[in-house]
Amino acid sequence: AQSVTQPDIHITVSEGASLELRCNYSYGATPYLFWYVQSPGQGLQLLLKYFSGDTLVQGIKGFEAEFKRSQSSFNLRKPSVHWSDAAEYFCAVGGMDSSYKLIFGSGTRLLVRP
Amino acid sequence: DAGITQSPRYKITETGRQVTLMCHQTWSHSYMFWYRQDLGHGLRLIYYSAAADITDKGEVSDGYVVSRSKTENFPLTLESATRSQTSVYFCASSEIRVNEQFFGPGTRLTVL
């Protein structure tokens, strides 16, 4: 079955510290992978996406993610977190096998300590 | 204004009433989607549409109906609202398959 797992419901980091949000997926075909961010009361905004090619992808706001096929993972990273990064982050997978629909993880809420 | 809009932004209704949530996009994207967001469940797909007059069910379609007579509009109707349909509803659109989905601001629906 196709699924996305974000094992961390909440993560708290200090401002300036590095961040890694975990995402594992189960997908039968070549996955297309996405990270979205949702600020309170807002819709979702795309941070970055992976379709093929270089397994390290750069996104907006200084975020990057690395696709590791052997581990079925697509973890999101940022070297130095800013207070404005506090939000909820969603990993999603899609592709030809799912008729191009996206399957979302349950999200990770990031809290940033001053 | 260009983009994807949803209306109303907030709605309170009673059990058994019919409710329609509106979604409008100005990009002429072919694909449109309706999701619901509930704590602990992330976003779950209700319905999607590949083009005008082409719609298909998602994973949680029971109790919902959609239509798409025009490319830019994709209304979602709750035929007889239930408390379990209290949620935040997001509409999204996509230009081509598996490209970025653009999300609307959401509609917070409360069913009493």
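Our structure is the block above this text.
The text that follows walks through the structure, step by step, so that each part is easy to find. (Residues numbered from 1 in each chain as written. Chains lettered and ligands numbered in written order. Predicted model: local features only at pLDDT ≥ 70, side-chain atom pairs only at ≥ 80, totals over all residues. Heavy atoms only, no water.)

Broken down by element type, chain B carries 0 helices and 11 strands. Listed by position from the N terminus, the elements making up chain B come as β-β-β-β-β-β-β-β-β-β-β. On C-alpha atoms alone, chain B measures out to a radius of gyration of 13 Å, which is about the 13 Å that the 2.2 N^0.38 rule sets for 112 residues. Along the three orthogonal principal directions, the C-alpha set of chain B runs to about 35 × 30 × 30 Å. Sequence separation of at least 24 residues holds for 54% of the intrachain contacts in chain B that already meet a minimum separation of 6. Accessible area for chain B stands at about 5,500 Å²; split by element, carbon and sulfur atoms hold 47% of it. Of note, chain B has its 11 positive side-chain charges centred 6 Å away from the centre of its 11 negative side-chain charges. (Helix = DSSP H or I, 4+ residues; strand = E, 2+ residues; numbered from the N terminus. Rg over C-alpha atoms; globule rule 2.2 N^0.38 Å. Contact = heavy atoms within 4.5 Å. Areas by Shrake-Rupley, 256 points an atom, 1.4 Å probe, with all protein chains shown as cover. Lys, Arg positive; Asp, Glu negative; His and termini not counted. Charge placed at Lys NZ, Arg CZ, Asp CG, Glu CD.)

Moving on to the sheet that holds strand β8 (residues 76-78) of chain B. One key point about sheets: their strands pair by backbone hydrogen bonds, in either a parallel or an antiparallel sense. Residue and element names in this part refer to chain B. With antiparallel pairing, 4 strands are arranged side by side in an open sheet as β1-β3-β8-β7. One side of each edge strand has no neighbouring strand; the edge strands of this open sheet are β1 (4-7) and β7 (64-66). When the angles between neighbouring strand axes are averaged without regard to direction, this sheet yields 20°. Bridge count for strand β3 (residues 19-25) against β8 is 3 bridges, and the pairing is antiparallel. Within β8, the position partnered with Val19 by the bridge is Leu78. (Pairing = 2+ DSSP bridges. Axes fitted to C-alpha atoms, helices over the stretch in contact; angles between N-to-C directions.)

Moving on, we get to the pattern of salt bridges. Taken as a whole and judged by the stated rule, the model has 8 salt bridges over all chains. Between Lys78 of chain A and Asp85 of chain A there is a salt bridge, and its shortest N-O distance comes to 2.8 Å. Each member of the pair, Lys78 of chain A together with Asp85 of chain A, is buried. A salt bridge links Asp38 of chain B to Arg36 of chain B, with the shortest nitrogen-to-oxygen separation between them at 2.8 Å. Given a relative accessible area of 8%, Arg36 of chain B falls into the buried group. One salt-bridge network, held together by shared partners, links Glu64, Glu66 and Arg77 of chain A. (Salt bridge = Lys/Arg side-chain N within 4 Å of Asp/Glu carboxyl O. Buried < 20%, exposed > 50% of the residue type's maximum accessible area, 1.4 Å probe, protein only.)

Treat this as a map of the structure, not an account of what it does.
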